[in-house]
Structures are given as structure tokens and as C-alpha cells.
Amino acid sequence: MDLRDRFLIEHPVLQAGMGGGIAGADLAATVTNAGGLGTVGFAPPQDFDREISRTKAETEGKTYAANLLLPLTLRAHVDSLLQHKVPIVTMFYGFNASVMRAVKDSGALVIYQIGSEEEAARVVAAGADALIVQGVEAGGHVRGKERLTSILPKVRARFPDTPVIAAGGIYDRQSASNAIAMGADGVASGTRFLMTNESGAHAAYKNLLVTGSETTITTLFGLGWPDPHRVLINEAVKRWCNDHGDPQRAIRILNWLTQFGSKYSPPSVLKKLVQAQRVDRPLFTPMLAEAGMSEPLMEALAAYAGECVSEIDTLEPAVSVVESLAAGC
């Protein structure tokens, strides 16, 4: 199935909707204008609305997307999508029938990121227009437990009429080509776009990604959102987690308890929390180091990264990344 015709894009290359200010208008608009599908990352409602507005203006009628993290989605996020008539909405982590219905009724296409066949079946039945199939090697929050080489062929075979996009370990021409050979209709990349000039990551975070190589899946950085995520191994992980990435029991309990009110916490409070994080104080939020933040203590913050970070040692313009991935498709 040709994603280019379905989504009105030149290349079947999607930029992941990384939150926390990482995938703002600078990155999303650049990717869309380069022929891929740029995605505005999830953020507090006011920031989300501003970056969608900027992306819409800077892409001049081209197709772009915006991402919803369903555990943290508020009505204000959905209102922004509808007000700006965002043409494509990506959704991740869980299922919300009312949100999906509102987005579909607005005329937008929905791309759902899934981690299992069962999850894929649920969202396809609910009307998802395409699937992003995430392998466990991906960075950030990880939904499934299988590597891309395992789950992608199974989802492709089970849903032959649904466009399937590969995510997890996609960072260059060859990895994109491998995904297409496995049956993907297109590719999505997070870590490679995170490591671009246009991403909103703090310079200290980008520098750490360039030199870093070893990652783990953990729930350590789960204050308010206690689900598994892949990060670079830093001093906080070494101090508070075992060799398998599992944090101490007290931390797991605290993270689980804080999830029930986290999405209503004011952004100013969250930013103060992230700036206060220290290696010796086990209060670790999912927030990451974004540009504009005072010099962050990266050894105490979530440095989201996929396994492929070990293969990337440079920052590049986002346009170059789109071209490289497109060549593999």
C-alpha cells in the first residue's frame, strides 16, 4: 500500500512525535517540507496548541501530524486538533474510544502506534487508518515486548489491508530498507530525528546521545507515568536499578501512586521537578532535557534513546535524515 498517496506525502518516512518540546514546529515543519510526515510532539495544552499553529503556518498546506499520549491527554489537546484541523493524528499508549471518535469525526486520519497483535486488532476494529508497529528496541516509552523482526511480519500478515509503518531501530538507509523488506509500507524514526539540529532537545542531551551507546528498559523515570521506557544507562539507573533495569520496590510504588493525578499537574510544577532531580534523590519524572532549560543534570534525567543510538555518532540536519531514510524505502 502506498503511504504517499494515502497521506499525501512525497516519502513514506514519519518522524516520531517526541514529547517534551523535542518535536516542536522547527522539527515537524522541516520534515514535512522535506517530503516526509512531520509530527508535533505531545506537550502541555498551551505549548501543544502553539506548536501545531506554527507547524500549520510553516508547512503551507502540506500534510503534517500531531501526537497524543493517551494516558496524559486532556480535552484541551483534542480541542486544539479540531480547531486547527490537523490532518493526521498519531496515538500511543492505550485506547480511548471517545478521543478516537472525535478525531475521526473531524475528518482526520488516525495512525495508531501499537506493540502487540492484540492491540493492533483493537484499534483497527475501532477505525485506525494505519499502524505504527513498534519493536522493543525503540527508544522512549515502549509498548510491546517483541523485536521488530518478530512483530512486524505477524502484524503485516494479520492485517494485509492496513498500512503498516515500522518503528524501532530505524536510523539509516539500510535499516529502512530492511523494514520495507519485512513488509512495512513505510518507516518511523525517533532517535535519529532526536539527534538532529532541529530537534528541541537540550544541547547536553544531544551531546550525551552522540557519545552514549548502552540502553536499558526501565520504569525508573516514571513519576506520574509508571510505564516501561528505554533510556541511556546513566548514574541514576546504575544507582537505583538492578542489572535488568528494575528500580527498587519503593520507587515502583511511588511512581504507580502518582499516575492518578499527574496529567492535571501544572507545567510549571513539572518543570521545577525536573530541574530538581538529583542522582541521590529517587524522584525521577519522565520529563527530559529540552532547549531553554538551565544546564540539566543529565545523570539524573531520562535520556530516552533507542538501541540504534550506538550506531549514530553525529547530529545531522533533519532534511538529510529524511533523504537517507527515503532512499531505503
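Only a predicted model underlies this, so the values are computations on that prediction, with no experimental measurement involved.

Conventions adopted
- Residues numbered from 1 in each chain as written.
- Predicted model: local features only at pLDDT ≥ 70, side-chain atom pairs only at ≥ 80, totals over all residues.
- Heavy atoms only, no water.
- 1 Å grid on protein atoms, 1.4 Å probe; cavity = no way out; pocket = protein on both sides within 12 Å on 5 of 7 lines; lining within 4 Å.
- Points joined across faces, edges and corners; volume = space filled by probe spheres on them.
- Helix = DSSP H or I, 4+ residues; strand = E, 2+ residues; numbered from the N terminus.
- Phe/Tyr/Trp six-rings, centres within 6.5 Å; stacked < 30°, edge-to-face > 60°.
- Buried < 20%, exposed > 50% of the residue type's maximum accessible area, 1.4 Å probe, protein only.
- Lys NZ or Arg CZ within 6 Å of the ring centre and 35° of its normal.
- Patch = residues over 30% accessible without salt bridge, like charges linked within 9 Å, V, L, I, M, F, W, Y side chains within 5 Å.
- Areas by Shrake-Rupley, 256 points an atom, 1.4 Å probe, with all protein chains shown as cover.
- Salt bridge = Lys/Arg side-chain N within 4 Å of Asp/Glu carboxyl O.
- Core = buried A, V, L, I, M, F, W, Y, C linked by side-chain atoms within 4.5 Å.
- Contact = heavy atoms within 4.5 Å.
- Pairing = 2+ DSSP bridges.
- Right-handed = clockwise from strand over helix to strand, strands pointing away.
- Polar contact = N/O pair within 3.5 Å; in protein donor to acceptor, adjacent residues only side chain to side chain.

Caption draft 1: The layout of surface pockets, seen in detail. Taken as a whole, the second largest pocket spans an internal volume of roughly 170 Å³. In terms of lining, the second largest pocket is formed by 13 residues, of which the most central are Glu 137, Leu 148, Gly 168, Gly 169 and Ser 175. Mapped by element, the contributors of at least two residues to the lining of the second largest pocket are helix H7 (148–158) and helix H8 (173–181). A per-element tally of the lining of the second largest pocket places H8 first, with three residues.

Caption draft 2: Seen up close, the packing of aromatic side chains. Inspection of every chain in the model, using the stated rule, returns five aromatic pairs. Seen from their ring centres, Phe 92 and Tyr 93 are 5.2 Å apart, and the 80° between their planes marks the pair as edge-to-face. Judged on exposure class, the residue Phe 92 and its partner Tyr 93 are both buried. Each member of the aromatic cluster is reached from another via a ring pair, and the members are Phe 92, Tyr 93 and Trp 225. We note Arg 143 situated over the ring of Tyr 93; from NZ or CZ to the ring centre the distance is 4.4 Å.

Caption draft 3: View of a nonpolar patch on the surface. Taken together, Ile 253, Trp 256, Leu 257 and Phe 260 make up a surface patch of nonpolar side chains, about 450 Å² in accessible area. Within the secondary structure, Ile 253 is located in helix H12 (residues 249–258).

Caption draft 4: Region of the structure containing the nonpolar core. If you look at the biggest cluster of nonpolar residues, it comprises 89 residues, and the most contacted ones within it are Met 91, Tyr 112, Phe 193 and Tyr 205. By residue number, the principal contributor to this core is helix H14 (residues 318–328), which donates five residues. If we ignore the near neighbours within four places in the chain, the residues touching Phe 193 are Val 13, Leu 14, Gln 15, Met 18, Leu 27, Val 31, Ser 199, Ala 318, Val 321, Val 322 and Leu 325.

Caption draft 5: How the structure looks around the pairing of strand S4 (residues 88–92). Taking burial as the measure, the five residues of S4 include five buried ones, the bulk of the element. Judged by which residues are buried, S4 turns out to be covered on both faces: Ile 88, Thr 90 and Phe 92 on one side and Val 89 and Met 91 on the other are all buried. As judged from the five bridges shared by S4 and strand S5 (residues 109–114), these two strands associate in the parallel manner. If you follow Ile 88 over to S5, its bridge partner there is Leu 109. The handedness of the S4 to S5 crossover, carried by helix H5 (residues 97–105), is right-handed.

Caption draft 6: Expanded view of the side chain of His 202. Mapped onto the secondary structure, His 202 falls in the loop between helix H9 (191–194) and helix H10 (203–211). Here the side chain of His 202 touches Met 293 through a polar contact of 3.1 Å, landing on its backbone oxygen. Not counting residues up to four positions away in its chain, the partners in contact with His 202 are Ala 289, Glu 290, Ala 291, Met 293, Ser 294, Glu 295 and Pro 296.

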